[in-house]
Every structure is written in structure tokens, then in C-alpha cells.
Amino acid sequence: MDDTLYTVAQVRAIEAGARAQLAPGTLMRRAGEAAARYALELLGGRRDLPVLLLAGPGNNGGDALEMAAVLADTGIDATVLFPPGQRELSEEAADAHARARAGTVGFIDMLPPDGEWGLVVDGLFGIGLARALEGEYRDLAALLADMRCPVLALDVPSGLDADTGMPVGPDGIAVRATHTITFLADKPGLHTADGRDHAGLVRVEALGIDPATLPEPAARLDSRAVFARCLQARRHGSHKGSYGDVAVIGGAEGMLGAPLLAARAALYAGAGRVFAAMLGPHPGVDSVQPEIMFRTAAELAFGSRTLVLGPGMGGSAEAMRLLAQALDSTNALVLDADALNLLAASPELMARLARRGAGAVLTPHPLEAARLLGVTAATIQADRLAAARSLAERTGAVVVLKGSGTLVGRPDGTLLVNPTGNPGLATGGSGDVLAGLCGALLAQGWPAWEAAAGAVWIHGAAADWLVEQGIGPIGMTAGELPAAVRAVLNRLVREAGAGRP
Ligand SMILES: NC(=O)C1=CN([C@@H]2O[C@H](COP(=O)(O)OP(=O)(O)OC[C@H]3O[C@@H](n4cnc5c(N)ncnc54)[C@H](OP(=O)(O)O)[C@@H]3O)[C@@H](O)[C@H]2O)[C@H](O)CC1
Ligand SMILES: [K+]
């Protein structure tokens, strides 16, 4: 499965290289034919359903015109809405326009109010979008949101920034498509920030370009391939020590829930022993999960344990001391929540983190990332890939930038975009579960990169598994995730058939 993601600039270069090898208009014809094939799939092979295609002023519009001509040739009632006053079309788009006009394609210049369509195609703008949608284009984009039929976006949902996954602003809007067929290569903006909500199901159509000729991608989609080598079946000849210890450090006064969720997640994700090292008063036992061993944070010996710092840790002097002690250790670390806020407040601790070298994974949400980088959360969200890269480089750690289309970045600039998960994860405590899960994988010997990529992928897949069981996304609770994580992790190991005992 091709997991590569390319920026708009890279796609432009790929396109230029391809066009130089091909007769004019070849790529557009291939795009129109591929999109028409996909449309027929979405129509369930039916040819009696009318298709509406919105064509914009550029080559994205050209793709739509090409597609309309191909659909009409198969007997489909294709109607193109071609807003009047379009600027001069490119040569290839003009050719596509002529082909559409020569066939049975209908042309309208405004949307009939009560049109019933089998499919609507968004061919307004692609990677040439230069500013926020305005006027009639904005109105059309808004209208598509109310369509009861599938909406197929060509290349990029119009209005969306293909690099960042945010609507091109200020105050921009973007088409909400149910499906997107993206050309030449996949793009990060279709999978992160608001991208998933606008692109729907993404299909990549390479237009005949040889993947071997493509440059190094800007990012890749996270997948089990990234961490497959770590999926090891358990040997009979093993004991709890074989699977490492996790110590969750947190739980200041009145904040016990977060460390408990993290500790339970570590247990269900296979850590051999799990300790909950609390800063505040604690019950001494988790009656739901008596396997978790409670300690006061002060008495915890780090040993060689994987340390998960932050869940409910608060910002006390003791919390700061424990963080400093952990940074000075060579233990594998997961820093989450309050540990990240303490880090953001101390350049000295940031410097110790950058120096330490041993495996560390940071799991900020956008606001925590903003504090660490000294910017606003809006700045982070405006270009999540840049933020994840910058934070990984600055801290020398593996960084998980949470949110829709969670990113995993490492100091050398390598980036992953996670495709699993759903809005059920937008619930209190799901971040604590992710931190504990990541700690468990580190404790079982997964290197920081694979542990972060695996934790993020499994965390999302666990939420998807719960939805498949009819749980959520509305009302999904963080407490339901650990058992789902366990189910997904064991399925992955079985399917990998790795390292049979
Ligand atoms: N060329 C190929 O080999 C292939 C192209 N493909 C398709 O082409 C688009 C990219 O085409 P391009 O023309 O570069 O860009 P767009 O079609 O996205 O639109 C650009 C035109 O729209 C104008 N524009 C930009 N933003 C706005 C806006 N907010 N409101 C109004 N008009 C806007 C822009 O002109 P300006 O000078 O006004 O900026 C352009 O006229 C690509 O996405 C593919 O769909 C296929 O990949 C096949 C190969
Ligand atoms: K489009």
C-alpha cells in the first residue's frame, strides 16, 4: 500500500516532470477517465442517475469537464455548472471543454433549487487554490454540504489547503466531500487537521506516473508496516519481567483519574508490571484493576522502568523535581500533559531533554505544543506538519502531535500522519490512555519511533474497533479504550504471525 504524502510544491514538480514526457492534455484526460470510473463505482454501476459537475476556472475545472465528457459518452446524464465570467481556460481545459460541448453534456450557469442528483462532483479548485473561496464559489461550496447524494472532490476538496488540512482563510470554508480522488500523489492535508472531515474517503490516482520516479515524500501515512517488526508473539518461556515495567508518575491531589487511565492502558497493552507513583493521597489499590501497584512518587525507585510522567501531575515543586530527575535518567520516557507544561516553563529542562539522547516520546495536544514552541494553538493548527517537525527537532525527542490526523515526528524530520481513529477519541482521558499505551510498548522493548507510531495507530484503531462494536463515537469513554487496545494489539500480532513461539 502506497503510504506516501507529497506537498503541493512537490506535486507541481511531479506534474511538470510528467507533462514534459507526455502529449499535451494527457494527464487531464487520464484524470477525467479515472474520475469517471470512480463515479460509476459510486453510482453502483447505475447509468440512470444524473450527475452534476461543478467546473472551476483552472485545470481542476478541466478535470471536471473531461470527466463530464467521458460520463456522457457512457450514457450518463451529465450536467456541468460552469459559473459565468470564467477567465481564459488553459489549452488543455479548453480542449476538455470542447469535448464536453461536442457530446451530450448539459451546461448550466446556476444551480436548480430542487435538483435531484445521483452524484455531485467538485471540480472548482484543486492545488491552485490561492485564497479563500469568495462569492459564488463560496456559496456553491456551502450548498454542497446540504447534498443528500455522495459528493466526489477532484484532487482536493475546493477551499482546503492540501498541505495543512485547513480551509484557506481568513474565515475560509471548504467543500465537505464524501469521497476524494486525488491525482498524481496523496497529500497530507487530506488526512490531518480538518482534512479528514472535508476529504472523506481518499483514493489516490497516480495517472500512470511511475512511483519509482517520485522524490522522497514529505510525510507518510502511519501504518502497521512502520512497527510490524516489533509485533512479537509471546513465548511460553517468559515471565512478567520479560515485558518490562511501567511507572506512571502523576496523580496530584484530586487528580487520580488520569494516572489510573494511563496505568490501566499500560497493563492492557502488555507491560509486565505497572506502578502508579502518586504525588497526592491515593487509595493504595485500584479495586477495578488490583494488578496496578501504588507507590508514593517520592518512594518510587526509577530502576530501569519506563516512566510515563504527566497524567494529573500538577505543577508543584515536587512535580518539577521528579521531571528533572527523569530527564537526568537514562530511562525511556513518555512526557504528557502537566509534564509538558512544566517543560514549556523551563528552558533548562528543555535543554536537558534535548541532551539526554535516551528514548523519549512527547504527546502534546495542540495547546501543549503551542506552549512548548511559544506560539498560539491556532499557529500550531495552521501548519501541523511544520509544528511537529519543529518540536521534534527542538527537543530531540519523538513527538506525537495529537488531534484529527495525529502526527508523529522525529528529529530528522521524518513525519507520519495517522489515518486511524474517530471523534470518539475526543473525550477526557483518551490522551492518558495513549500515554500509558506508549509507555507499555517502550517497556516491551519497542524503540521510541515504533512505540509512538504503534501507540498512535493502535489507539485510533481501538476507537474504530469500539465503533464497529456499536460503542460510540458519541459517548465513547476513555475507560473503554484499554480493553479495545488489547484486542487490536493481539489481532495485529496474530495477523503478523510474527515470531511464532
Ligand atoms: N496540469 C496537469 O497536468 C494536471 C492538473 N490536474 C488538475 O489541475 C489542478 C491544478 O490546476 P490549476 O489550474 O493550477 O489550479 P486550480 O484548478 O486549482 O485553480 C486555479 C485557478 O483558480 C483561480 N483561483 C485560485 N483561487 C481562487 C479563488 N479563491 N477564487 C477564485 N479563483 C481562484 C486561479 O487564478 P488566480 O490567478 O485568480 O489565482 C486559477 O485560475 C489540480 O488540482 C488537478 O485537479 C490534474 O491533476 C491532472 C494533471
Ligand atoms: K476540487
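Rules and cut-offs
Position labels on residues start from 1 in each chain and follow its written sequence. The lettering of chains begins at A and the numbering of ligands begins at 1, in the order of writing. Since the coordinates come from a predicted model, pLDDT governs what is reported: local features require at least 70, and pairs of side-chain atoms require 80 or more to be given and counted, while whole-chain, interface and lining totals use all residues. The basis for every side-chain value is the complete set of non-hydrogen atoms in the structure, without hydrogens or water. Helix axes use the C-alpha atoms of the stretch in contact, all axes being lines fitted to C-alpha atoms, and the angles between their N-to-C directions lie in the range 0 to 180 degrees. Secondary structure elements are defined from DSSP: runs of H or I of at least 4 residues count as helices, runs of E of at least 2 residues count as strands, and each element is numbered from the N terminus. Should an angle fall under 35 degrees it is called roughly parallel, over 145 degrees roughly antiparallel, and 65 to 115 degrees roughly perpendicular, with every other angle called oblique. Left-handed describes a crossing in which the near helix is turned anticlockwise from the far one by less than a right angle; the clockwise case is right-handed. Contacts between residues were defined by any pair of non-hydrogen atoms, one from each residue, lying within 4.5 Å. All residues other than Ala, Val, Leu, Ile, Met, Phe, Trp, Tyr, Cys, Pro, Asp, Glu, Lys and Arg, Gly among them, are scored as polar; the first ten of these are nonpolar and the last four charged. Any two strands between which DSSP finds at least two bridges are classified as paired. Whether a residue is near a molecule or strand depends on its heavy atoms: if one lies within 4 Å, it is near. Whenever two N or O atoms come within 3.5 Å, that pair is a polar contact, provided that in protein one can donate a hydrogen and the other can accept it, and provided that, for residues adjacent in sequence, both atoms are side-chain atoms. In these tables, accessible area is a Shrake-Rupley quantity obtained with a 1.4 Å probe, and a residue counts as shielded only by the protein chains included in the view.

Caption draft 1: Structural detail: the packing of helix α12 (residues 366-373) against helix α14 (residues 384-395). Relative orientation of the contacting elements α12 and α14 amounts to 50 degrees, with a least axis distance of 11 Å. Our classification of the angle between α12 and α14 gives oblique. Regarding α12 and α14, the two cross each other, and that crossing is left-handed. When α12 is examined against α14, the residues P366, A369, L372 and L373 are found in contact with a partner set consisting of R384, A387, S390, L391 and R394. When its residues are assigned to classes, the contact of α12 with α14 shows six nonpolar, one polar and two charged.

Caption draft 2: Looking closely at the sheet that holds strand β4 (residues 106-108). One open sheet holds the seven strands; their spatial order is β4-β3-β2-β5-β6-β7-β8, and the pairing between them is parallel. With partners counted over all chains shown, the strands left at the sheet margins are β4 and β8 (201-205), one partner each. Adjacent strand axes in the sheet meet at a mean angle of 20 degrees, parallel and antiparallel pairs treated alike.

Caption draft 3: Local environment of the sheet that holds strand β9 (residues 219-221). Strand order in this open sheet of eleven strands is β1-β9-β18-β17-β16-β15-β14-β13-β10-β11-β12, and the pairing throughout is mixed. Two strands bound the open sheet, and with one partner strand each, they are β1 (4-5) and β12 (293-296). Where strand β10 (residues 245-250) and strand β11 (residues 273-278) come together, six bridges link them in parallel fashion. Bridging across to β11, G250 finds its partner in M278.

Caption draft 4: Here's a closer look at the site of ligand 1. Neighbouring ligand 1 are 23 residues, the closest being R12, R19, N60, G126 and D155. Measuring from an oxygen atom of ligand 1, one finds a side-chain N or O atom of N60 at 2.7 Å. One of the side-chain nitrogen or oxygen atoms of D63 is found 2.7 Å away from an oxygen atom of ligand 1. For ligand 1, whose free accessible area comes to 920 Å², the fraction covered by protein is 85%.

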